[in-house]
Amino acid sequence: MGVDLLKILNVTEVGKGEKILVLSHGFGTDQSVWQKIVPYFVRDYRIILYDLICAGSVNPDHFDFERYTSLDAYVDDLLYILDAKGAQNCSFVGHSVSAMIGIMASIRRPQLFNKLFLIGASPRFLNDHNTNYQGGFEQAEIEQVFSAMEANYKAFVEGYAPLAVGADVPEAVREFSRTLFNMRPDITLFASRTVFNSDLRGILGHVRVPCCIIQGDNDVSVPVSVAMYLKNHLGGRNKVEILRTEGHLPHLSAPQLLVRVLRRQLPR
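It should be emphasised that the depicted structure is a prediction, and the values quoted were computed from it without experimental measurement. (Residues numbered from 1 in each chain as written. Predicted model: local features only at pLDDT ≥ 70, side-chain atom pairs only at ≥ 80, totals over all residues. Heavy atoms only, no water.)

K.L.:
Would you mind showing me how to read the side chain of D30 here?
P.N.:
Within the secondary structure, D30 is located in the loop between strand 2 (19–24) and strand 3 (45–50). Buried charged residue D30 carries no salt bridge. Nearest counter-charge: R178, at 4.4 Å. Beyond its immediate sequence surroundings of up to four residues, D30 is in contact with H25, D51, A55, S57, R178 and T179. (Helix = DSSP H or I, 4+ residues; strand = E, 2+ residues; numbered from the N terminus. Buried < 20%, exposed > 50% of the residue type's maximum accessible area, 1.4 Å probe, protein only. Lys, Arg positive; Asp, Glu negative; His and termini not counted. Salt bridge = Lys/Arg side-chain N within 4 Å of Asp/Glu carboxyl O. Contact = heavy atoms within 4.5 Å.)

Pasting the structure below:
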């Protein structure tokens, strides 16, 4: 892909500050999900945004089903962007799967990051009864989700979007539905299998970059116990911030709460 990757992933920059803030969206959304967050930081930060290759805002012809079989390829993309932009010592905000992409990137290249903000992060979504780990889902439940995607994508989105948003915020449900509908269904299914079948618990101890774990107290996708698991297993200094809000997408449903935490926890 070479230099075209910046165009393919719609890499954009806003803000005039010297400090660098990277915003990386989660599954089912694109960089527009940060639209209510960005205005609060443009004065003090140079903000880098981009779309994951699976996002509906990216030309689906660029999705390589052989390359993106694991999260490592997504990490490669992030590191390429940061290198191309000359980013060093940046604050990284990753939602859901992008939180784990940020964790993996920080292990490979810790000097690029001064702090990771992990929103709704999970090293493993599946329960593991052998270790009493509660990820939130049984394998059978996940397979039902995949089957629903394949059977009727429209019906899946209409049912999943309000569940994921959680809070009674119709605007947020509409926005999440829009970005889900923008995704090509076969890419949605493939990417979701990659995400839900990942198990990154074994690498958490290698993280040395300070982390702020941001967790909603009623998230259908990630229980609070997962945030505490991250706190107890990440290798570097970390802090948990619990948002008193429902759902998996606080940047859509409760942006003011998220902004408050980011402002308080961003390095001075």
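Structure's up, so let's keep going.
K.L.:
Please clarify how the packing of helix 4 (residues 139–151) against helix 7 (residues 185–196) should be interpreted in this entry.
P.N.:
In a pair of packed helices, the angle between the axes and the distance between the axes together describe the arrangement. Running from N to C, helix 4 and helix 7 cross one another at 170°; their axes reach a closest spacing of 10 Å. Taken as axis vectors, helix 4 and helix 7 run roughly antiparallel relative to one another. On helix 7, the residues that touch I142, E143, F146, M149 and E150 of helix 4 are T188, L189, S192, R193 and F196. Looking at the contact of helix 4 with helix 7 residue by residue, the class counts come to five nonpolar, two polar and three charged. (Axes fitted to C-alpha atoms, helices over the stretch in contact; angles between N-to-C directions. Parallel < 35°, antiparallel > 145°, perpendicular 65-115°, else oblique. Nonpolar A, V, L, I, M, F, W, Y, C, P; charged D, E, K, R; others polar.)

K.L.:
Is there a simple way to explain the pairing of strand 2 in this structure?
P.N.:
The side chains of a regular strand alternate between both faces of the sheet. Of all six residues making up strand 2, five are buried, and the element is well covered by its neighbours. With four bridges joining them, strand 2 and strand 4 (residues 90–95) adopt parallel strand pairing. Within strand 4, the position partnered with L23 by the bridge is V93. (Pairing = 2+ DSSP bridges.)

K.L.:
Would you mind showing me how to read unusual backbone geometry here?
P.N.:
Negative phi values dominate among residues other than glycine, just as trans dominates among peptide bonds. In this model, N10 sits at a positive phi of 55°, which is unusual for a non-glycine residue. Among the secondary structure elements, N10 is positioned in the loop between helix 1 (5–8) and strand 1 (12–14). Residue S96 is not a glycine yet carries a positive backbone phi of 55°. Secondary-structure assignment places S96 in the loop between strand 4 and helix 3 (97–108).

K.L.:
Looking at this structure, I do not really get the pattern of salt bridges. What am I missing?
P.N.:
Pairing between side chains becomes possible if they bear opposite charge and their charged atoms approach one another. If you walk through the whole model with that rule in mind, you get 17 salt bridges. With a closest N to O distance of 2.7 Å, E13 and R46 form a salt bridge. Residue E13 is found in strand 1, and its partner R46 is found in strand 3; the two are separated by 33 residues along the sequence. Of the charged contacts, one joins R124 and D199 as a salt bridge, the two residues approaching to 3.0 Å between their closest N and O atoms. Here the residue R124 occupies a position in the loop between strand 5 (113–119) and helix 4, and D199 occupies one in the loop between helix 7 and strand 6 (211–218), the gap between them amounting to 75 residues. A single network of salt bridges, built from pairs that share partners, joins R124, D128, D199 and R201.

K.L.:
Help me out: how do you make sense of the sheet that holds strand 1 in this one?
P.N.:
Within a sheet, neighbouring strands are paired by backbone hydrogen bonds and run either parallel or antiparallel to one another. Here seven strands make up an open sheet; going across it, the order is 1-3-2-4-5-6-7 and the pairing mixed. Looking at the sheet topology across the chains shown, the edges are occupied by strand 1 and strand 7 (238–246). The average angle at which neighbouring strand axes cross in this sheet is 20°, direction not considered. Strand direction decides the pairing type here: strand 4 and strand 5, joined by six bridges, are parallel.

K.L.:
How do you make sense of helix 2 (residues 72–84) when you look at a structure like this?
P.N.:
Residues separated by three or four positions in an α-helix point in the same direction, a consequence of the helix having 3.6 residues per turn. Here helix 2 contains 13 residues, and its C-alpha end-to-end distance of 18 Å stays within 8% of the 18 Å for a straight helix at 1.5 Å per residue. When we look at burial in helix 2, the residues that qualify are A73, Y74, V75, D77, L78, L79, I81 and L82. (Expected span 1.5 Å × (residues − 1).)

K.L.:
Looking at this structure, I do not really get the packing of helix 5 (residues 153–165) against helix 6 (residues 170–182). What am I missing?
P.N.:
Between helix 5 and helix 6, the shortest axis-to-axis distance is 9 Å and the interhelical angle comes to 140°. On the basis of the axis angle, helix 5 is oblique to helix 6. The two elements helix 5 and helix 6 cross, and the hand of that crossing is right-handed. Contacts from Y153, K154, V157, E158, Y160, A161, P162, A164 and V165 of helix 5 reach helix 6 at A172, V173, F176, S177, L180 and F181. (Left-handed = near helix turned anticlockwise from the far one by under 90°.)

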